[in-house]
Amino acid sequence: MPLLLSLLLAAAPLATLPEPQAAPVEETAPVDWDREFGVVRKERDPVTGEIPLDPYPQSDANAGAAPFKGETMARAFGGQAGIRKITDRALDFSLLDPRIEAIFAEHDMVRLRRTLFEQVCFILSAGCHYSGREMKVAHKSLGTTRADLNALVEHLQQAMREAGVPFPAQNRLLAKLAPMDRTITER
Amino acid sequence: MVCSLAVLASTSPCAARQAITFDSGKLILTNGVTTIEGSGGGGLATWATISGMGTGRAVGVSAHVTGLELPDFRLDTHGLAIGIHDRVELAYARQNFNTRQAGAALGLGRGFQFNQDIFSAKVRLAGDLVYGPALLPQISVGAEHKRGLDGGLVRAVGARQSVGTDFTLSATKLFLGASILASATVRFTKANQFGLLGFGGDKNARRSMQFEGSLGLMLSPRLLVGGEWRTRPDNLAFACESDAKDLFAAWAISRRVTLTAAYVDVGSVATFAHQRGGLLSLQLAH
Ligand code: HEM
């Protein structure tokens, strides 16, 4: 286990983390539950900093929403650079929010930062493909609730507001995400 | 105490404990405000929303005070509402309708007050205000049981009863793509002036179907501006009753505090025409 920890730490600087505070929380966990339960974690890819997944069918359809037509929306969000700032910021806020922080901290945030960016970029037609999993598969057994989803939406709203995205455009993106609630949250 | 109550209410203590959780987890302002009848809605029009900030796994509560200042009258309401699992709303409101100078002219005495208690229940049948299929609204049915406290008087002006029950069917949706909130309600009612002048009348004693609608534009996550329209029966011979309408702004000062201001036109009230004035409502919700 100390070996794995040092591997993780060694991989961290290679990860393309825009914010330094997004370090893996394994460092601070008071109890090493992985060891308690004998969980074997995969090592992070030294190049991408992500924990590799078993192969799954990839398709833009996995993004769960049809992209906007035209460039208006992409422009309202400041193109790819603006979108990356917004999705990163929304995840930063989520990692600081005691209501939902634990759900995220347990998972590969390096990968989530990339895939969430890709998904939003794809939906806004800002020139990306989505390479992540289907929403249903990605959120399976996370146990997220409507309240968790609302918390994330509020963080996304704050990130969009900070980035100067006009309010009607913010809502047009949220309108694409809102129907996904059934695949993301548990009833 | 809370726990033992909960256990009594259910065979599963675990599920019961969940039933009394507060999560204050709704999106800001999506709990709506409180109507002058105490149910969740806009100001005049009932919405399909369930009061309180609780989501589907929690309980929410809200309290409101509202004042409506008209040229010849003043209506004050205050009340409490509970939302259970974003599914059931139970509410109580008290209406005090002050006739001021008009009271003297009507022979009631200056400043005479009509009072009414309103007990209401609403159940969400389907859909969601924000989430789910974009074209499926949140749909709720409700009942408002109104108990006027001035029975003799309202019968003297021609009303049949001082107690009555309205039934409502509401559909409400936040169309995010357009930043528009739309709501439509049909109400089956005998109420004269919301029930303040009793139920049924010498002109028409029976329940009729009325419409109430709200249309609002979201200007920010905390600010909704719009208008409402509410048709009303015209049951009493002594005075005609017209539609009520308003222009409103509802502002969530914070997650738990919403302030609503409106310009309200209730038309003619007890022979006094052109009753237009200002409404101010404060709602606290958790
Ligand atoms: C509309 C709302 C949401 C969208 C668009 C969204 C999008 C995504 C995307 C694109 C992924 C990556 C899929 C992949 O790795 O292949 C993901 C994973 C994840 N999401 Fe969400 N998500 C939403 C809501 C939520 C909420 C409310 C939570 C919890 C509070 C949450 C927690 C997570 C976690 C922990 C993962 C990583 C799962 C894993 O590593 O196995 N998501 N989400």
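All values reported here derive from a predicted model rather than from experimental measurement.

Undergrad: It is not clear to me how the overall build of chain A should be interpreted in this structure. Could you clarify?
TA: Helices and strands together make up the secondary structure of chain A, namely 10 helices and zero strands. Start at the N end of chain A and walk to the C end: the helices and strands fall as α-α-α-α-α-α-α-α-α-α. Pairs at least 24 residues apart make up 73% of the contacts formed inside chain A by residues separated by at least 6 positions. Element-wise, carbon and sulfur atoms account for 60% of the exposed surface of chain A, whose accessible area totals about 10,300 Å².

Undergrad: I tried to follow the overall build of chain B on my own but got confused; where do I start?
TA: When its secondary structure is counted, chain B shows four helices and 14 strands. On C-alpha atoms alone, chain B measures out to a radius of gyration of 19 Å, which is about the 19 Å that the 2.2 N^0.38 rule sets for 286 residues. Counting only C-alpha atoms, chain B reaches 60 × 45 × 30 Å along its principal axes.

Undergrad: Honestly, the coordination of the iron atom of the ligand in this entry has me stumped. Any pointers?
TA: Among protein residues, the single donor to the iron atom of the ligand is A:His139 (NE2), with a metal-donor distance of 2.0 Å. Along the chain, the position of A:His139 falls in the loop between helix H7 (135-138) and helix H8 (146-162).

Undergrad: Could you clarify how one ought to interpret the packing of helix H4 (residues 79-95) of chain A against H8(A) in this entry?
TA: In a packed pair of helices, the relevant descriptors are the angle between the two axes and the axis-to-axis distance. All names here are of chain A. Closest axis-to-axis distance for the H4/H8 pair is 8 Å, and the angle between their directions is 135°. By the angle class used here, H4 and H8 are oblique. Helix-helix and strand crossings are classified by hand; for H4 and H8 the assignment is right-handed. In this structure, H4 uses Ile86, Arg89, Ala90, Phe93 and Ser94 to contact H8, whose residues at the interface are Leu152, His155, Leu156, Gln158, Ala159, Met160 and Glu162. A breakdown of the residues in the contact of H4 with H8 according to their chemical character gives seven nonpolar, three polar and two charged.

Undergrad: Please clarify how the sheet that holds strand E14 (residues 276-285) of chain B should be interpreted in this entry.
TA: The pairing of strands in a sheet comes from backbone hydrogen bonds and takes either a parallel or an antiparallel form. In spatial order, the strands read E3-E4-E5-E6-E7-E8-E9-E10-E11-E12-E13-E14 (chain B); together these 12 strands close into a barrel with antiparallel pairing. Neighbour-to-neighbour, the strand axes of this sheet turn through a mean angle of 20°, independent of strand direction.

Undergrad: Help me understand the pairing of strand E8 (residues 163-175) of chain B, please; the structure alone is not making it clear to me.
TA: One face of the sheet, then the other: side chains in a regular strand alternate in exactly this way. All names here are of chain B. Across 10 bridges, strand E7 (residues 138-148) lies against E8 in antiparallel orientation. The residue of E8 that forms the bridge with Lys146 is Gly164. Here E8 pairs with strand E9 (residues 180-189) via nine bridges, running antiparallel. By the bridge assignment, Phe175 is partnered in E9 with Ile180. Counting the residues that bridge the hairpin from E8 to E9 gives four residues, and of these Ser179 lies at a positive phi of roughly 60°.

Undergrad: Explain the site of the ligand here, please?
TA: All names here are of chain A. The ligand sits among 22 residues. The nearest are Arg111, Thr115, Arg133, His139 and Thr144. Contact distances for the ligand include 2.7 Å between an oxygen atom and a side-chain N or O atom of Arg111. At a separation of 2.8 Å, a nitrogen atom of the ligand approaches a polar side-chain atom of His139. Counting residues per element, the ones that place at least two in the shell around the ligand are helix H5 (101-105), helix H6 (109-123), H7 and H8. Looking at the shell around the ligand, the element that brings in the most residues is H6, giving five residues. Among the residues making up the shell around the ligand, the classes are represented as 13 nonpolar, six polar and three charged.

Undergrad: Would you explain the state of the cysteines in this entry?
TA: Chemically, a disulfide is nothing more than a covalent bond linking the sulfur atoms of two cysteines. All names here are of chain A. Taken as a whole and assessed by the stated rule, the structure comprises one disulfide over all chains. One disulfide in the model links Cys121 with Cys128; its S-S distance is 1.9 Å. Torsion about the S-S bond of the Cys121 and Cys128 cystine: about 75°, corresponding to right-handed handedness. Judged by relative accessible area, Cys121 falls into the buried class, the value being 0%. On the basis of relative accessible area, Cys128 is assigned to the buried category, the value being 14%.

Undergrad: Hey, could you run me through H6(A) in this one?
TA: Residues and elements named next belong to chain A. Here H6 contains 15 residues, and its C-alpha end-to-end distance of 21 Å stays within 8% of the 21 Å for a straight helix at 1.5 Å per residue. Of all 15 residues in H6, 12 are buried; the element is thus mostly enclosed. Among the residues of H6, Met109, Val110, Arg111, Arg113, Thr115, Phe117, Glu118, Gln119, Val120, Cys121, Phe122 and Ile123 are the ones counted as buried. On its buried side, H6 packs onto H4, H5, H7 and helix H9 (167-177).

Undergrad: What am I meant to see in the pattern of salt bridges here?
TA: Enumeration over the complete set of coordinates arrives at 30 salt bridges over all chains. Between B:Asp128 and A:Arg146 there is a salt bridge whose closest N-O contact spans 2.8 Å. Here B:Asp128 is found in the loop between strand E6 (113-126) and E7, whereas its partner A:Arg146 is found in helix H8 on a different chain. You can call B:Asp128 buried: its relative accessible area is 12%.

Cut-offs applied
- Residues numbered from 1 in each chain as written.
- Chains lettered and ligands numbered in written order.
- Predicted model: local features only at pLDDT ≥ 70, side-chain atom pairs only at ≥ 80, totals over all residues.
- Heavy atoms only, no water.
- Helix = DSSP H or I, 4+ residues; strand = E, 2+ residues; numbered from the N terminus.
- Contact = heavy atoms within 4.5 Å.
- Areas by Shrake-Rupley, 256 points an atom, 1.4 Å probe, with all protein chains shown as cover.
- Rg over C-alpha atoms; globule rule 2.2 N^0.38 Å.
- Donors = N, O, S within 2.8 Å, 3.2 Å for Na, K, Ca; no water.
- Axes fitted to C-alpha atoms, helices over the stretch in contact; angles between N-to-C directions.
- Parallel < 35°, antiparallel > 145°, perpendicular 65-115°, else oblique.
- Left-handed = near helix turned anticlockwise from the far one by under 90°.
- Nonpolar A, V, L, I, M, F, W, Y, C, P; charged D, E, K, R; others polar.
- Pairing = 2+ DSSP bridges.
- Near = heavy atom within 4 Å.
- Polar contact = N/O pair within 3.5 Å; in protein donor to acceptor, adjacent residues only side chain to side chain.
- Disulfide = S-S within 2.5 Å.
- Buried < 20%, exposed > 50% of the residue type's maximum accessible area, 1.4 Å probe, protein only.
- Expected span 1.5 Å × (residues − 1).
- Salt bridge = Lys/Arg side-chain N within 4 Å of Asp/Glu carboxyl O.

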